Every structure is written in C-alpha cells, then in structure tokens.
Amino acid sequence: MSALKDAIEKLRETGSIELEDFRILKMKDVEVLIEEIQCWCLYGNGKPEKLGKKHKEH
C-alpha cells in the first residue's frame, strides 16, 4: 500500500494522524491528504467512514 493510502486508512480508523505520518509522505501526497481532510470535515461531518471515499491514487 502507498504511504498516502496508509495515512488515510489510519486517519479513518483512529480519527487522528501523527506528524511522523506527514513526514514520510511526498509533498504532493501531503497536499492530497490535506484536501481529503478538508473535504471530509466540510462534507463528511467528520464521520470516519466518509473519509477517502473519492480518493484517487496519484
């Protein structure tokens, strides 16, 4: 699994993510993860099952 998918899955399972998870991601993946989190907070009402539903592998 890619580091981005791992980070999204960890966030979905635990509801949190560590700085170490950000550190291992490429800058492009960090931007995608932040967009995912923004959409999740805005449209998913913070429900973990809605995180990453429209995620595309880059």
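Parameters and conventions
Residues numbered from 1 in each chain as written. Predicted model: local features only at pLDDT ≥ 70, side-chain atom pairs only at ≥ 80, totals over all residues. Heavy atoms only, no water. Helix = DSSP H or I, 4+ residues; strand = E, 2+ residues; numbered from the N terminus. Buried < 20%, exposed > 50% of the residue type's maximum accessible area, 1.4 Å probe, protein only. Contact = heavy atoms within 4.5 Å. Areas by Shrake-Rupley, 256 points an atom, 1.4 Å probe, with all protein chains shown as cover. Core = buried A, V, L, I, M, F, W, Y, C linked by side-chain atoms within 4.5 Å. Salt bridge = Lys/Arg side-chain N within 4 Å of Asp/Glu carboxyl O.

## Observations regarding the overall build of the protein chain
Part 1 of the reasoning: Across its full length, the protein chain holds three helices and zero strands.
Part 2 of the reasoning: In the protein chain, the order of α-helices and β-strands from amino to carboxyl end is α-α-α.
Part 3 of the reasoning: Within the protein chain, the fraction of its 58 residues that count as buried is 28%.
Part 4 of the reasoning: Taking all contacts inside the protein chain whose residues are at least 6 apart in sequence as the whole, residues at least 24 apart take part in 47%.
Part 5 of the reasoning: Accessible area for the protein chain stands at about 4,400 Å²; split by element, carbon and sulfur atoms hold 54% of it.

## Describing the nonpolar core
Part 1 of the reasoning: Counting seven residues, the largest nonpolar core consists of Leu 4, Ala 7, Ile 8, Leu 25, Val 30, Val 32 and Leu 33.
Part 2 of the reasoning: Elements represented by at least two residues in this core include exactly α1 (3-14) and α3 (27-43).
Part 3 of the reasoning: Look past the residues within four positions of Val 30 in its chain and what remains in contact with it is Phe 22 and Leu 25.

## Topic: the pattern of salt bridges
Part 1 of the reasoning: Applying the stated criterion across every chain yields a total of four salt bridges.
Part 2 of the reasoning: Note that Lys 10 and Asp 21 form a salt bridge whose closest N and O atoms lie 3.0 Å from each other. Here Lys 10 is found in helix α1, whereas its partner Asp 21 is found in helix α2 (residues 19-23), with 11 residues between them in sequence.
Part 3 of the reasoning: A network of salt bridges, in which partner residues are shared, links Lys 10, Glu 18 and Asp 21.

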